[in-house]
Structure formats: structure tokens, C-alpha cells
Amino acid sequence: MPTIQAIPRAPGSVPLLGHAVPLARDPLALVSSLQNHGRLVRMRMGTKDVVVVCDPELIRKVLLDDRVFDKGGPLFERGREALGNGLITCPHHDHRRLRRLSQPAFHPSRMAGYAAVMTDLADTMTRTWREGQVLDVVDEMMALTVEMTVRTLFTDSLPRATAARITDDFLVLMTGFFRRMIVPPLLNRIPSRGNREYSLAIERLRKTVGDIVAARRADGRDHGDLLSALCGATGPDGAPGRTGAELIDEALTFLLAGTETTAATLSWAMHLLSQHPEVEGEVYREVESARRGSPLDFSHLAQLETTGDVIKETLRLYPAVWMLTRVTAAEAELDGFLLPKGTIVAFSPYAVHRRSDLHERADVFNPHRWRGSSTVRDSYIPFSAGARKCMGDRFALTQATLALGAIVSRWKLSPVTDRPLRPSVKASLTPRRLRLRVTARDEPPLHRVSAEGDVAERDAA
Ligand code: HEM
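Residues numbered from 1 in each chain as written. Predicted model: local features only at pLDDT ≥ 70, side-chain atom pairs only at ≥ 80, totals over all residues. Heavy atoms only, no water.

## Quick word on the pattern of salt bridges
If charged atoms from side chains of opposite charge come close, those side chains can pair.
Part 1: For the coordinates displayed, the defined rule picks out 27 salt bridges.
Part 2: Measuring nitrogen to oxygen at the nearest pair gives 3.6 Å for the salt bridge that ties Arg371 to Asp309. Linking Arg371 in the loop between helix 15 (349-353) and helix 16 (393-410) with Asp309 in helix 14 (residues 305-317), this pair joins segments that are 62 residues apart in sequence.
Part 3: On the accessibility criterion, Asp309 (11% relative accessible area) is buried.
Part 4: One salt-bridge network, in which partners are shared between bridges, spans Arg9, Arg42, Arg44 and Asp49. (Salt bridge = Lys/Arg side-chain N within 4 Å of Asp/Glu carboxyl O. Helix = DSSP H or I, 4+ residues; strand = E, 2+ residues; numbered from the N terminus. Buried < 20%, exposed > 50% of the residue type's maximum accessible area, 1.4 Å probe, protein only.)

Pasting the structure below:
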């Protein structure tokens, strides 16, 4: 059987750095071009060869065999530095136990309670915006989803300063994540300012979350939030299912998994609506007809079909998790090639979603494509698939649909420039410097904005 060496190598690799330069410069272009070289293509990340799987059927094979294609590779190595052994990063042998322990936190009966927190926060945020204000969209959405995750994870037991500290440390962590993933490991050990700040942020984050977990375990009551569900889960013998350290790992995992991904998705969705006012109008009419003057809540979700399709289509064009890796836990055969134990295997949901042989007019935003249509099998994987599929997919879709509905119900979104928007590819795929102007829908504005963009209070008269 041909070995890994027989797999074609992608052009553009240089000694020592491998593909780090094209990966840092335009990773989406690089991963999208790989399918032209074969179903499997070799790429060099840091000092290691990575086998990129370009064919959706082979990706499925990898995802369904999570014992052999285990979590691993640069993404998860960096993830473990930050999150310890949580559900996202843990190897196969810990996974079934940890997944079962987290299941109650995502029971459908808990979703309405989480949604109440989500809509309340989305409503509060959209009320603070002013007529004509130009939003820094990613910052706004990040603040919203961090607060949504912190409040659904820890209810309201968190002092504002603590929540702010978690957010700040978290942002340092997210910024360092992708850089550390693609450069040779040696560079990550140099005591540079960036590396020191990254390590400090992890240390502080673990300490802050550790204090919260310890207080919650001592208290023992069910607060109806994610953390109570995690703390309350027991093993088959009825004893607490997780150690204190595992609870910290898991709380951090949910914080990391649920914030930047959903913030990026909401930001892209707002950008797409600002570019497609006809779809924005449809979403607005749908939301208004569902809520009929009452605040948007979980009971309206089933009626928000177009809004949900906008989120689905956004996740197709801009899947927040644009690249994933695995590592072979044993010698494995893939597409007729023999991969030795320890081989890093990667695939890109972004590249699969943009293939014109799998999606009609793949680069065009068309939320209506999801109405009653079935996609080609395995061609839509924003939440991955198999045993390691996203556990928060329903949570994320609920959060994004309700938040987008709340935004559009109150504000119209317009671009402030016609320069094309570029993605910023970090751990998540995020729009770079997205700014949008908001204009009130129908309620008379309480404030007006001067030509310079300053906010002025409206005269009381
Ligand atoms: C739009 C938002 C989101 C996207 C695009 C997303 C995407 C993903 C993807 C692709 C994976 C699989 C990773 C892999 O196969 O290696 C994953 C795993 C996971 N996600 Fe999400 N996610 C989102 C939101 C959330 C939220 C809100 C939560 C929790 C509150 C969450 C919790 C998790 C967990 C716990 C896992 C690990 C599952 C396991 O290995 O058993 N995610 N997510």
C-alpha cells in the first residue's frame, strides 16, 4: 500500500516554516485550492506534515472513526494548553464519560431557560444603540455572546468586574491561539511579550473560573444554569462525575466553544443582511409577525424560519470553525494510503462549503436554498459530525436566531463603506473591522447623531 510520502504535497512550502507563510497570509485561499491536487494533499505546518482531506466522503470516514482518528494536531495541542482536558480537547478514551456528564446541561428542557437569558441580553444591548450609530460589530457581538455564555453558564452570580476580567483574558487567549498553532513550537516557548501575556491570561482565567467552581460546589444548590448541570452530574455509582480540575476544564471549554464562534456567526449574518436588504426586510416582517408586539422569546423560535435559514446559510459561507485536525491513534488506511500512527489529519468545512460541485452557486448568499431542499450528503459540516459533533449546536442556533431577530426587529443595518470585507482568520473565521450603521425601524429615536458621528441627546421637547 502506498505510504504518506506518496500523497501529493501542496505547492508553496519553504524549509523550516513549511506552509506557515501562505497560511498566515491567506489561509482560506490555500485550503480552498488544495482539492485541485487530490482527495488527500500534504501540507507542512510548523515542522510536521499534515494530511489534508479534501473529499467529503473521506472526511466523514475520519469523523465516524473517532477511535483511530482521535483529537490531536496543533489546534488541540494549543487547546489543551488553555482548556486542559475538557470535552472538546479530550482524547477518545475520556470522551464518552465526559460527554455523558455534560448531556444534562443541554437537555431540551433547559433550553427555554437559557433562551430567556439570551433574549433579555440581546434586548438590553440593542436598546443601548443610538440612531445613526456606527457599530464595531465584532466587538459588540463578542461582548454579547461572552455575556450570554457567562450568564447561562454561571447565571447572574458573577460580579461585573469578574465577568470583565474573564472577557479580557479570554480575548488575549483567542488572539494568541491561531498564531501559536501555525508557528514552530520552539517560537511559542520564547519569553516574548505576546507569549508571556498569553500564559498569564490562561493562568488568571483558570484561577477566576476555579474560584467560581469552588464556591458553587460548596453551595450545592441547582441554579438552573450550565454550571449547576455540570456540577450536579454524577457517575454510575452516584458519586460526583468530575473532579474540581475537570470542572474548571469544562467550564472553560464552554466559554471558549460558545463565544467567539457564535459572535463571528452573528457578525457575518449582520454583514450579509446589510448587503441584502430584501432578505433583511423578510427577516424583519417574519420577526414582527411572530412576536406581535411582545418581546421576542423562545416560544417564537419555530416561526423564525427565514431568520434560522439566514444563520444556516451564514454558517455555510463563513463557518466559524473553518479548519479542524485529528491525529491517528494507530496505523490507519485512508483512500488507499497507509498513514503511520501519529499522523496529523486536517479538513476544512470552509473549503467543502464553497465547492460548486456540492452547492449550487456556492459563493452566493441565498438563505432560501435551505427551504425544503436536501444538500448533498456530508457537504454541510459547520458543527462537524460523528461522536465529536458540536454539543452546543442547538444552543448556538437558538442564541444566534433570537439575537439576530432582536437586532433586526429594532434596527436596520447599513454598510458604511463599499470596500470589500476581508476575513480575519484566527481560531475562528471572523470579519475584519466590520462597521455597520444602525437606523431605527419605527420607534422614534431617542437620540440623534451629529454629522461627525457623535451622539447627542434629543431635546426633551
Ligand atoms: C455557531 C457556533 C458554533 C460553531 C460553529 C461550533 C462548531 C463546533 C465544531 C465544528 C465542533 C467539533 C470540533 C471537532 O470536531 O473537533 C464543536 C465541538 C463542540 N462545541 Fe461547538 N460550535 C458552536 C457553538 C457552541 C456552543 C454555543 C457551545 C456550548 C455552549 C459549544 C460546545 C461545544 C462542545 C462541548 C464541543 C465538543 C463536543 C465533543 O467533542 O463531544 N459549541 N463545535
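## Some details on the coordination of the iron atom of the ligand
Part 1: Protein coordination of the iron atom of the ligand rests on one atom only, Cys390 (SG), at 2.3 Å.
Part 2: Within the element layout of this structure, Cys390 appears in the loop between helix 15 and helix 16. (Donors = N, O, S within 2.8 Å, 3.2 Å for Na, K, Ca; no water.)

## Concerning unusual backbone geometry
Excluding glycine, most residues fall at negative phi; most peptide bonds, likewise, are trans.
Part 1: Residues other than glycine seldom take positive phi values, yet Arg361 does so here, at roughly 40°.
Part 2: Looking at the secondary structure, you find Arg361 in the loop between helix 15 and helix 16.
Part 3: A relative accessible area of 60% means that Arg361 is categorised as exposed.
Part 4: The backbone of Ser384 shows a phi angle near 65°, a positive value even though the residue is not glycine.
Part 5: On the basis of relative accessible area, Ser384 is assigned to the buried category, the value being 10%.

## Considerations on the environment of Met391
Part 1: You can see Met391 is positioned in the loop between helix 15 and helix 16.
Part 2: Judged by relative accessible area, which is 13%, Met391 ranks as buried.
Part 3: C-alpha of Met391 to C-alpha of Ala346: the two residues are 45 residues apart in sequence and 20 Å apart in space.
Part 4: Here Met391 is in contact with Leu87, Arg99, Ser102, Gln103 and Phe106, once residues within four sequence places are set aside. (Contact = heavy atoms within 4.5 Å.)

## Things to note about helix 6 (residues 108-128)
Part 1: For helix 6, with 21 residues, the first-to-last C-alpha span of 31 Å sits near the 30 Å given by 1.5 Å per residue.
Part 2: Buried within helix 6 we find Met111, Tyr114, Ala115, Val117, Met118, Thr119, Leu121, Ala122, Met125 and Thr126.
Part 3: As for helix 6, its buried residues are in contact with helix 7 (137-154), helix 11 (226-232), helix 16 and strand 9 (411-415). (Expected span 1.5 Å × (residues − 1).)

## A short note on the sheet that holds strand 4 (residues 134-136)
Part 1: In space, the three strands of this open sheet follow the order 4-12-9, with antiparallel pairing throughout. Strand pairing shows two members of the sheet lacking a second neighbour, strand 4 and strand 9, which therefore form its edges. Here the average twist between neighbouring strands, direction ignored, is 40°.
Part 2: By the bridge criterion, five bridges tie strand 9 to strand 12 (residues 435-440) in an arrangement that is antiparallel. Residue pairing across strands places Trp411 opposite Ala440, the latter belonging to strand 12.
Part 3: Relative to the sheet, helix 16 contacts strand 9 and strand 12, its axis offset from that of strand 9 by approximately 90°. (Pairing = 2+ DSSP bridges. Axes fitted to C-alpha atoms, helices over the stretch in contact; angles between N-to-C directions.)

## Quick look at the sheet that holds strand 1 (residues 40-45)
Part 1: What the five strands build is an open sheet, ordered 1-2-8-5-3; its pairing is mixed. On the outer flanks of this sheet lie strand 1 and strand 3 (69-71), each paired with one strand and no other. Across the sheet, the axes of successive neighbouring strands diverge by a mean angle of 40°, strand direction being ignored.
Part 2: Across four bridges, strand 5 (residues 324-328) lies against strand 8 (residues 344-347) in antiparallel orientation. Paired with Arg326 across the two strands is Val345, which belongs to strand 8.

## Structural notes on a positive patch on the surface
Part 1: The grouping of Arg419, Arg422, Arg432 and Arg433 at the surface amounts to a positive patch.
Part 2: Turning to its location among the elements, Arg422 is positioned in the loop between strand 9 and strand 10 (423-425). (Patch = residues over 30% accessible without salt bridge, like charges linked within 9 Å, V, L, I, M, F, W, Y side chains within 5 Å. Areas by Shrake-Rupley, 256 points an atom, 1.4 Å probe, with all protein chains shown as cover. Lys, Arg positive; Asp, Glu negative; His and termini not counted. Charge placed at Lys NZ, Arg CZ, Asp CG, Glu CD.)

## Describing the side chain of Thr119
Part 1: Examined against the element boundaries, Thr119 turns out to sit in helix 6.
Part 2: With sequence-adjacent residues up to four places away left out, Thr119 is seen in contact with Leu296, Asp297 and Leu402.

## Some words on the domain arrangement of the protein
Part 1: Structurally, the protein comprises domain 1 (1-84 + 322-381) and domain 2 (107-319 + 388-461).
Part 2: Across the boundary between the two partners, domain 1 contributes 39 residues, which contact 37 residues of domain 2.
Part 3: Together, Leu83, Trp322 and Phe365 form the three largest contributors to the area buried by domain 1 at its contact with domain 2, with a combined 23%.
Part 4: At the boundary of domain 1 with domain 2, the tally comes to three salt bridges.
Part 5: The shortest N-O distance in the salt bridge between Arg369 and Glu313 comes to 3.0 Å.
Part 6: Seen at the junction of domain 1 and domain 2, the total is 12 residue pairs in polar contact (both at pLDDT 80 or more).
Part 7: Secondary structure elements with two or more residues in the side of domain 1 that touches domain 2: helix 1 (20-25), helix 2 (27-33), strand 3, helix 4 (74-83) and helix 15.
Part 8: A per-element tally of the side of domain 1 that touches domain 2 places helix 4 first, with seven residues.
Part 9: Its residues placed into classes, the side of domain 1 that touches domain 2 shows 21 nonpolar, seven polar and 11 charged. (Domains from an automatic or database assignment. Buried area = accessible area lost by both parts, 1.4 Å probe. Polar contact = N/O pair within 3.5 Å; in protein donor to acceptor, adjacent residues only side chain to side chain. Nonpolar A, V, L, I, M, F, W, Y, C, P; charged D, E, K, R; others polar.)

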